[in-house]
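Given next are the chains, with one letter for each unit.
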Amino acid sequence: MRGEMPDYYIWTIGCQMNKAESERLGSFFEHLGYRPTDAAENADVIVLNSCVVRQSAENRVVNKIRALQSFARAHPGATLAVTGCLVNSDTTRLKKEFPHVDYFFKPGDCPPWLEKPEAILALPQRPSPATYVTIIQGCDNFCSYCIVPYRRGREVSRTISEIACEVKELVRRGVKEVTLLGQNVDSYGHDLPDKPDLADLLEELNKIDGLVRIRFLTNHPKDMSDKLIGAIARLDRVCEWISLPVQSGSDDILKLMRRGYTAAQYRQMVKRIRDTVPGVALSTDIIVGFPSETEAQFQETVNLLAALRFDTVHVAVYSPRPGTSASRELEDDIPAAVKRERLNIIEQLQEKIAAEINGQLLGTMAEILVESRVKDKWQGRTRTGKLVFFEDSRDFLGKLVSVRIEKTSPWSLQGTVDTSK
Ligand code: SAM
Ligand code: SF4
C-alpha cells in the first residue's frame, strides 16, 4: 500500500467476457480509490480471473494460484481472490484445495468484500475507443464438451434500456465501437418480459449519436435468425463481421457435440449471410480430435473450411472437461499426436486461405478505427475486423482514418494513412 488506499492487481486469461469483466472490476476498484499495480507481489488486493475451457487453461490457473501461496503467507493482510470459470456455485472443494485464497466469487459478480456498485460505477473512466459490453450471461445450450454452462449458469439477459444507457455513457467517455458479448448472443432477450431479440437491441443501439461501430459475439448457428441477418445488412453501424462457430464439418461429430445443426444447414446459413450482407467477414471455431473422430470425419471439416473460406478460424484440440456429458460418456480416444497433426493441418490450410483473402486488399483503401498505439505503430481494425498497423507521429487515437494497404499477411495488414479525405 503506497498510500491510504490499497493497490490492486488483476490477472486475466480466457475469452473476451473475462477480459471485459476484469476491465469493469478494475474500473470499480479505481472508482473506490484503489490504485493499479503491474505485479502481484506489490499488490494489497489480487484477483485472478480464471478460464477452464480447456485443461491447459485450468493448469495455468492452478499454477498461478499455487505460485501465490508463499506470497499469501508472507502478506497476511493482503487479499487474494479468484473469479472466472474455475468458480462454480459450490466452492467447498476449492476452499479445501486452496486454503490460502481468501475469496472465490462467480464470474461477473461483485467481489464479496465490497458492496455491489451501480453498473455505471464499474464503467472505465478512460475506456478504449473499442470496448466490450456484456449483454447476456450464461448459456443454456449444454454442448456435450463444454464446461461453460456449469460455471456461468443459465442465460440471463440485461434489458435493452440498461445496455443502451451504458453504451451512451461509454460514448460520452470516448468510445466509438462496442462489441456486445455473450456465449450465445442470438438467444439474447428470450428471458426478458417483452422478449426482445438481438435485432431489436441492435436497432436501438444503432440510434446512439457518436457510436460508429457495433459488433457482437458469439453467434450460435442454430439460433441465428433471418431477422438478425437482415438487421446486420440494414443498420449502418453494425459491422460486416460475424463470428459463427461451426466446431466440426461432420454430422456425426456435430450430433455427438449436441450442436443442434447439420453441416448442410450451416453451409446454407453461411450462404444466406453472404447473400444478404455483401462483403461480410466470417470467423469460426473448430475442435479437432473429438472422441471417435475418424480421418474421414476430420476430412469433412477440412472440406468445409476449404469450401467456405473463413476470414479467421480458431482451432483447438479436444480437451475432456470433467462434469461435461462428453467426458462422462465418450472416451477421449484420439491420440495427442493425431490431435496435434489435425490442428496443424487446419492451421496451415487457414493460413493459406487468410493470406489469399487479405492479399486481395493490397492497394485498396480501408477505413480503420484506431484503437491503440503499440510501440511505434498505430493499431486499429476495419469494419470487417482486420487488424491494421500504420506508422505516423500524429495522434490518431479513437479516430476513423483511411489507410492505403501496402502489405498483407494472413494475420494483419499494414499501410499508410491518407489524410487527404
Ligand atoms: N459459445 C460459443 C459456441 O457456441 O461455440 C463458444 C464459446 S466456447 C467457451 C469458446 C470455444 O472454446 C469454443 O468455440 C470451442 O471451440 C472451444 N472449446 C470449448 N470447450 C472445449 C473443449 N472441451 N475442448 C476444446 N475446445 C473447447
Ligand atoms: Fe459452450 Fe455450447 Fe454454450 Fe458455446 S453454446 S458456451 S460451446 S455450451
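In case you missed it, the structure is sitting above this.
Anyway, here's the lowdown on the structure attached to this text. Note that this is a predicted model, so its numbers are computed, not measured.

Cut-offs used in this document
Residues numbered from 1 in each chain as written. Chains lettered and ligands numbered in written order. Predicted model: local features only at pLDDT ≥ 70, side-chain atom pairs only at ≥ 80, totals over all residues. Heavy atoms only, no water. Helix = DSSP H or I, 4+ residues; strand = E, 2+ residues; numbered from the N terminus. Buried < 20%, exposed > 50% of the residue type's maximum accessible area, 1.4 Å probe, protein only. Contact = heavy atoms within 4.5 Å. Areas by Shrake-Rupley, 256 points an atom, 1.4 Å probe, with all protein chains shown as cover. Lys, Arg positive; Asp, Glu negative; His and termini not counted. Charge placed at Lys NZ, Arg CZ, Asp CG, Glu CD. Near = heavy atom within 4 Å. Polar contact = N/O pair within 3.5 Å; in protein donor to acceptor, adjacent residues only side chain to side chain. Nonpolar A, V, L, I, M, F, W, Y, C, P; charged D, E, K, R; others polar. Pairing = 2+ DSSP bridges. Phe/Tyr/Trp six-rings, centres within 6.5 Å; stacked < 30°, edge-to-face > 60°. Lys NZ or Arg CZ within 6 Å of the ring centre and 35° of its normal. Axes fitted to C-alpha atoms, helices over the stretch in contact; angles between N-to-C directions. Expected span 1.5 Å × (residues − 1). Right-handed = clockwise from strand over helix to strand, strands pointing away.

### Some remarks on the overall build of the protein
Okay, step 1: A count of helical and extended segments in the protein gives 13 helices and 18 strands.
Okay, step 2: In terms of its C-alpha atoms, the protein occupies a principal-axis envelope of roughly 60 × 60 × 45 Å.
Okay, step 3: Within the protein, the proportion of its 421 residues that are buried is 55%.
Okay, step 4: Partitioning the contacts of the protein with sequence separation of at least 6, the portion at a separation of at least 24 is 73%.
Okay, step 5: In the form shown here, the protein has an accessible surface area of approximately 19300 Å², with 50% of it arising from carbon and sulfur atoms.
Okay, step 6: With 56 positive and 57 negative side-chain charges, the protein shows a spacing of 1 Å between the two charge centroids.

### Observations concerning the side chain of serine 412
Okay, step 1: With respect to the helices, strands and loops of the structure, serine 412 is situated in the loop between β17 (400–408) and β18 (413–418).
Okay, step 2: Apart from residues no more than four positions distant in its own chain, serine 412 is found in contact with Asn358, Leu387 and Phe389.

### With respect to the site of ligand 1
Okay, step 1: With respect to spatial proximity, 17 residues lie near ligand 1, and among them Gln183, Gln247, Arg259, Asp285 and Ser319 are the closest.
Okay, step 2: Take arginine 54: an N or O atom from its side chain is 3.3 Å from a nitrogen atom of ligand 1.
Okay, step 3: Interatomic distance of 2.7 Å between a backbone N/O atom of glutamine 183 and a nitrogen atom of ligand 1.
Okay, step 4: Considering ligand 1 on its own, with 550 Å² of exposed area, one finds that the protein chains cover 89% of that surface.
Okay, step 5: Of all the secondary structure elements, the ones that give two or more residues to the shell around ligand 1 are β12 (281–288) and β13 (312–317).
Okay, step 6: Taken together, the residues of the shell around ligand 1 break down into eight nonpolar, five polar and four charged.

### Regarding the pairing of β17
Successive residues of a regular strand alternate their side chains across the two faces of the sheet.
Okay, step 1: Relative to β17, strand β14 (residues 365–374) is paired through five bridges, and the arrangement is antiparallel. Residue pairing for β17: isoleucine 368 is matched across the bridge by valine 401.
Okay, step 2: Looking at chain direction, β17 and β18 are connected through six bridges and run antiparallel. Each bridged residue has a counterpart across the sheet, and for threonine 408 the counterpart in β18 is leucine 413.
Okay, step 3: Linking two consecutive strands that pair antiparallel, namely β17 and β18, is a turn of four residues.

### Some thoughts on the site of ligand 2
Okay, step 1: Residues in contact with ligand 2, as listed here, are Cys139, Asn141, Phe142, Cys143, Tyr145, Cys146, Val148, Pro149, Gln183, His220 and Arg259.
Okay, step 2: Residues of the shell around ligand 2, tallied by class, amount to seven nonpolar, three polar and one charged.

### Focus on the packing of aromatic side chains
Okay, step 1: Overall, the coordinates contain twelve aromatic pairs when judged by the stated rule.
Okay, step 2: Ring plane angle 65° and centroid distance 5.1 Å describe the contact between phenylalanine 290 and tyrosine 318, whose orientation is recorded as edge-to-face. Here the residue phenylalanine 290 occupies a position in the loop between β12 and α11 (295–308), and tyrosine 318 occupies one in the loop between β13 and α12 (325–329), the gap between them amounting to 28 residues. Per residue, the accessibility class of phenylalanine 290 equals that of tyrosine 318, and both read buried.
Okay, step 3: A ring pair is formed by phenylalanine 390 and phenylalanine 396, whose centres lie 5.5 Å apart and whose planes are at 75°; its orientation type is edge-to-face. Neither phenylalanine 390 nor phenylalanine 396 differs from the other in exposure class; each is buried.
Okay, step 4: Taken together through their ring pairs, the aromatic side chains of Tyr8, Phe29, Tyr34, Tyr103, Phe105 and Trp113 make up a single cluster.
Okay, step 5: A cation over a ring is seen here: arginine 215 above tryptophan 241, with NZ or CZ 5.6 Å from the ring centre.

### Examining the sheet that holds strand β16 (residues 387–391)
Okay, step 1: Pairing is mixed around the closed barrel formed by five strands, whose spatial order is β14-β15-β16-β18-β17. The sheet shows a mean angle of 55° between the axes of neighbouring strands, taken without regard to direction.

### Observations regarding the environment of valine 82
Okay, step 1: With respect to the helices and strands, the residue valine 82 is situated in strand β4 (residues 79–84).
Okay, step 2: Classification of valine 82 by relative accessible area gives buried; the value is 0%.
Okay, step 3: Between the C-alpha atoms of valine 82 and alanine 130, which are 48 residues apart in sequence, the distance is 27 Å.
Okay, step 4: Residues contacting valine 82, with those up to four places away along its chain left out, are Leu48, Ser50, Ile65, Val87, Val101, Tyr103, Phe104 and Phe105.

### Notes on helix α6 (residues 160–172)
Helical geometry: 3.6 residues make up each α-helical turn, so side chains three or four residues apart lie on a common side.
Okay, step 1: Between its first and last C-alpha atoms α6 spans 18 Å; for 13 residues at 1.5 Å apiece the expected length is 18 Å, and the two agree.
Okay, step 2: Among the residues making up α6, those that are buried are Ile160, Ile163, Ala164, Glu166, Val167, Glu169, Leu170 and Val171.
Okay, step 3: Buried residues along α6 sit in contact with α1 (16–31), β6 (130–134), β9 (177–181) and α7 (198–205).
Okay, step 4: Glycine 174 lies just past α6 and shows a positive phi near 115°.

### Things to note about the pairing of β4
Okay, step 1: Taking burial as the measure, the six residues of β4 include six buried ones, the bulk of the element.
Okay, step 2: Alternating residues of β4 divide into Thr79, Ala81 and Thr83 and Leu80, Val82 and Gly84, and every residue in both groups is buried.
Okay, step 3: Looking at chain direction, strand β3 (residues 45–50) and β4 are connected through six bridges and run parallel. Residue pairing for β4: serine 50 is matched across the bridge by glycine 84.
Okay, step 4: Pairing geometry for β4 and strand β5 (residues 103–104), over two bridges, is parallel. When the bridges of β5 are listed, alanine 81 appears paired with tyrosine 103.
Okay, step 5: Between the parallel elements β4 and β5, the chain passes through helix α4 (residues 92–97) in a crossover that is right-handed.

### Brief notes about the side chain of threonine 79
Okay, step 1: Structurally, the position occupied by threonine 79 is in strand β4.
Okay, step 2: For threonine 79, a relative accessible area of 18% gives the class buried.
Okay, step 3: Other than its neighbours up to four places away in sequence, threonine 79 contacts Asp44, Val45, Ile46, Asp102, Tyr103 and Trp113.

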